[in-house]
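Descriptive structure summary
The primary structure of each chain is shown beneath.
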Amino acid sequence: MPAAGSEGEEGPAGEQAGPGAPKLCGYLQKLSGKGPLRGFRSRWFVFDPRRCYLYYFKGPQEPLPLGHLDIASACFSYHQPEAGAAAAGDEPAAFEVHGPGGAVTVLKAATRQDMTYWLQELQQKRWEYCNNLDAAKRDSRTSPTPSDFSKGLVAKDNPDLSILSQNASAERARNILAVETSPTDLVGEQAASQPAPVQASAINFSLKQWSTEIKNSMSSLRKGSNENRKSVFYTTEEWELLDPTPKDLEDSMALEEKRKHLAEGNKDWCSGNGNRLVSELQLKYQSQQEELEKLKKDLLSQKELVRLLQQTVRSSQYDKYFTSHLCEGVPKDTLELLHQKDDQILGLNNQLEKLNLEKDSLQQEVKSLKCKVGELNEQLGMLMETIQAKDEVIMKLSRQLSECEDSTSSQSGAINSPTATSINKELQELDRLKDNLQGYKTQNKFLNKEILELSALRRNAEAREREWQAKYTSLEAKLCQIESKYLILLQEMKTPVCSEDQSPAREVITQLLEDALKVESSEQPEQAFFKPHLVSEYDIYGFQTVPEDDDEEKLVAKSRALDLRSLSLSENREISTGVKWENYFASTMNREMICCVELKNLIRSGIPHEHRSKMWKWCVNLHVKKFKDSAIPGYFQTLLQKALEKPNPASKQIELDLLRTLPNNKHYSSPTSEGIQKLRNVLLAFSWRNPDIGYCQGLNRLVAIALLYLEQEDAFWCLVTIVEVFMPRDYYTKTLLGSQVDQRVFKDLLSEKLPRLHAHFEQYKVDYTLITFNWFLVVFVDSVVSDILFKIWDSFLYEGPKVIFRFALALFKYKEEEILKLQDSMSIFKYLRYFTRTILDARKLTAIAFGDLNPFPLRQIRNRRAYHLEKVRLELTELEAIREDFLRERETCVEKRDLISDDEEDS
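Let me begin by describing the structure that accompanies this report. (Residues numbered from 1 in each chain as written. Predicted model: local features only at pLDDT ≥ 70, side-chain atom pairs only at ≥ 80, totals over all residues. Heavy atoms only, no water.)

Concerning the pairing of strand S3 (residues 53-57)
Heads up, the condition is: Relative accessibility decides the category of a residue: with a 1.4 Å probe and only protein chains considered, values under 20% of the type maximum give buried, values over 50% give exposed, and everything between is partly exposed. Here a helix means four or more residues in a row that DSSP labels H or I, a strand means two or more in a row labelled E, and each is numbered from the N terminus. Note: two strands are recorded as paired if DSSP finds a minimum of 2 bridges between them.
By the criterion of burial, S3 is predominantly enclosed, with 5 of the 5 residues buried. Side-chain alternation along S3 places Tyr53, Tyr55 and Phe57 on one buried face and Leu54 and Tyr56 on a second face that is also buried. Judged from the 5 bridges that link them, strand S2 (residues 39-48) and S3 form a sheet pairing that is antiparallel. Counted as the bridge partner of Val46 is Tyr55 from S3. Once S2 ends, the chain turns through 4 residues before running back antiparallel as S3, passing Cys52 with a positive phi of about 60 degrees. Inspection of the sheet shows S3 paired to strand S4 (residues 67-70) by 4 bridges, in the antiparallel sense. Residue pairing in the sheet places Leu54 in a bridge with Leu69 of S4.

In structure tokens:
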């Protein structure tokens, strides 16, 4: 049952509902206040499917909600109305939302029709949310509905979604018990343009909510915001009128037929059967008149065409005569003046003709209006005659009734008068009981549906509880086994009773190593349900957690994965971050997302996994809006079609690098992986957009990371953002000029921000740019653990390339003391090659990057880039001159003619 005028449609953080889903919003009256201030106040309600919350605002344009209702944990009820109200259907209807802890919220809709619609929609939303989400995620209220999950490759294997099987009979019962209804204009997005309903009992004054309302008012006047100061309700849809239902069409046709029969009956009653023949003749006469008018119009158009042709012929003959006979010996100026006068005469004649045509059309309009007035006068006369005749009949019947009453009053006396009164009272009581019966039937139908849904939700909750109990028992048994093995091992180490070769500790250690190297895998059907291992084969991004070959490296990787898991479980701050994001999305329910300090701080703390797809797409569109606006529709598909039909020189190198992109990620590990084809399409399309670059090693990794959360076209625009907006020119060309410049800029920043570490590198002549060059080229892909990588990308896509400098410095500062302890160049360089994989605390690294380091704006980086760019170009010019001198000398000198360079040997 879609809301009228609220057709559904992706959305920074409204972000936001799935395509095709109408937005549940509208006006309701909320009972609030205490004592004499208690009363119903009109509020704007918006349902948020991510948390199953019903937010309420002071108005549709308010940025901050006054509060919310938790629909996932609520049940609904309403009371039977007064007699006659149910039948009328237009009386305001109140219903109750019973929340957790016994809290009861009373809401009132404008009509009982709206109340029924709200109740059934809220029931449906509650069922969808509770039926589709896992219990643990539902407790934190941070998981989205299935329509809000990522659109990239990680959406295909999301582990957080646990869809329960639905009961077919229960679904049938829910459909049978549903009440057919449609909302009024006070429900749906179009209701935002209408004034809020005001009730006489409402007291629009609240001391308790003053602070929230002041915040709402001040947030729209906040300095530095880019949004318009004028209050606007933003929608992503174009409103359109809904077509009437077949039932409405049948009712309207039946009503029209009834009116026609009534009119014909009145005419027959007034004029008799003779008037029917007259009306038929009048209809024939009118049709003939219409045909005559059409013929007249055709004749006039033909006459007008003939007249225009005659005028053209006359003007041409006049020009011919004038040029042949009168122009001999006439000065040229006089001739031009005559031509101008002729043109003016023709123009005036044309204007006169147009005015005559307008005059004729206006006269025809006056005639038609006079005809309509005459028809209306005739109808009015007929209606007056009909009313007069009916009045006469009524008067006649009234006289007959009074005569009958007078004649019977003498016989019956005062006995029949109480009888008639009692009959009228019984009839009124019968009508009232019928209304109550209908109202109770509807209420009973709704309450039965509510009981059915609550019972199904309770059964699902019990099933989840049994699953968790079984999992808990399995984990407890495994823990006891591991503790027993460790106790045996400790006892043997404390007091060995056997020789070293026969020691039971060797068997225990071997068994513990085998258990430790096990990971959760889809090939283990017995572990598919209980999942006793804390580390699975792949993380949520698809990266392999434990390598397959080296046992020693397996233990290190398993230990690192357990440390990451421990960090995520021990820190409760992740929950607070999720709550902050949900509160931010709640503030964007009535407006679009904009760049602001609040959003920047949220993104720096990390975008939650379930919102990353939406936020990345919003950030990319923010930077490439000018490119997308100037591009033709279907621009990406056009480029891709060209690339598939006409291979370019970059195609061969792209094919060679596809499987080498991210071999440790399951989405790119084999030629049949889904990510390989998408990666190929994006790189080919980009090579046609930028033939100067074509393809450079490093672009494949950028696209691969983008495809994990974005679709193909969005990943293409993400690559455009990085290469054409963020990075300087010649960053990904064959010379890698921009990348070399950035390494020199980074050296300057390292000497300023971390002088001790820079001096240490200089002392042992360690060229750390051999390590950091790849950091900048691919934005830390395959250099840090995946959790930190995606948090870096969150800030990078929003703020730009300065984030790379910040995190590169933060990585060195994080391990500064460990690096300073190393006292030879080989050990330092070896440590630099792997030290970033040992950094696991993303919060600490982010705090260093954005807090401990002194701020350096992008303007400063640009100035240093310009300075070093000139130096690098000068050095390249000198190298080119040396190369040319060498080539000339080699051609002239016989001894050097046999020398071949590496490039020439490769070619």
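As for the pattern of salt bridges
As a reminder of what qualifies: For salt bridges, the criterion is a side-chain nitrogen of Lys or Arg within 4 Å of an Asp or Glu carboxyl oxygen.
This model, assessed by the stated rule, comprises 18 salt bridges. Of the charged contacts, one joins Asp714 and Lys617 as a salt bridge, the two residues approaching to 3.9 Å between their closest N and O atoms. Of this pair, Asp714 sits in helix H20 (residues 712-726) while Lys617 is found in helix H14 (residues 612-623), placing the two residues 97 residues apart along the sequence. Looking at Asp714, the relative accessible area reads 15%, which means it is buried. Across the pair Asp782 and Arg701 runs a salt bridge, and its minimum N-O distance is 3.7 Å. In this pair, Asp782 is assigned in the loop between helix H23 (769-778) and helix H24 (786-799) and Arg701 in helix H19 (residues 699-707), connecting sequence segments 81 residues apart. Classification of Asp782 as partly exposed rests on a relative accessible area of 32%. For Arg701, a relative accessible area of 22% translates into the label partly exposed.

Quick look at a nonpolar patch on the surface
Quick reminder of the rule: Surface patches are defined over residues having more than 30% relative accessible area and no salt bridge, joining like charges when they lie within 9 Å and nonpolar side chains (Val, Leu, Ile, Met, Phe, Trp, Tyr) when within 5 Å. Throughout, the Shrake-Rupley method with a 1.4 Å probe supplies accessible areas, and for residues the shown protein chains are the sole cover considered.
A surface patch of nonpolar side chains, amounting to about 400 Å² of accessible area, comprises Leu380, Leu383, Met384 and Ile387. Summarising the element assignment, Leu383 is placed in helix H8 (residues 332-412). When its relative accessible area of 52% is taken as the criterion, Leu383 is described as exposed.

A closer look at the side chain of Glu96
The criterion, for reference: For the charge count, each Lys or Arg is scored as positive and each Asp or Glu as negative, with His and the chain ends excluded. We define a polar contact as two N or O atoms separated by no more than 3.5 Å, with the added condition that, inside protein, one atom must be a possible hydrogen donor and the other a possible acceptor, whereas residues neighbouring each other in sequence contribute only through side-chain atom pairs. Any two residues whose heavy atoms approach within 4.5 Å at even a single point are treated as in contact.
Here Glu96 shows up in strand S6 (residues 93-98). It turns out Glu96 is buried and unbridged, and the closest side chain with the opposite charge, Arg38, is 8.8 Å from it. Of the polar contacts made by the side chain of Glu96, one reaches the side chain of His98; its length is 3.0 Å. Beyond its immediate stretch of four places on either side in the chain, Glu96 contacts Cys75, Phe76, Ser77, His79, Val104, Thr105 and Val106.

What about the sheet that holds S4?
Filter applied, for reference: To define axes, lines are fitted to C-alpha atoms, for helices over the stretch in contact only, and angles between the resulting N-to-C directions are given on a 0 to 180 degree scale.
Taken together, the 7 strands give an open sheet; going across it, the order is S4-S3-S2-S1-S7-S6-S5, and neighbouring strands pair in antiparallel fashion. With partners counted over all chains shown, the strands left at the sheet margins are S4 and strand S5 (75-78), one partner each. Going across the sheet, the axis of each strand differs from the next one's by a mean of 35 degrees, ignoring polarity. Where strand S1 (residues 25-32) and strand S7 (residues 104-109) come together, 2 bridges link them in antiparallel fashion. Across the sheet, residue Lys30 finds its bridge partner in S7, namely Leu107. This element, helix H2 (residues 112-132), spans S1, S2, S3, S5, S6 and S7 of the sheet and lies at about 160 degrees to S5.

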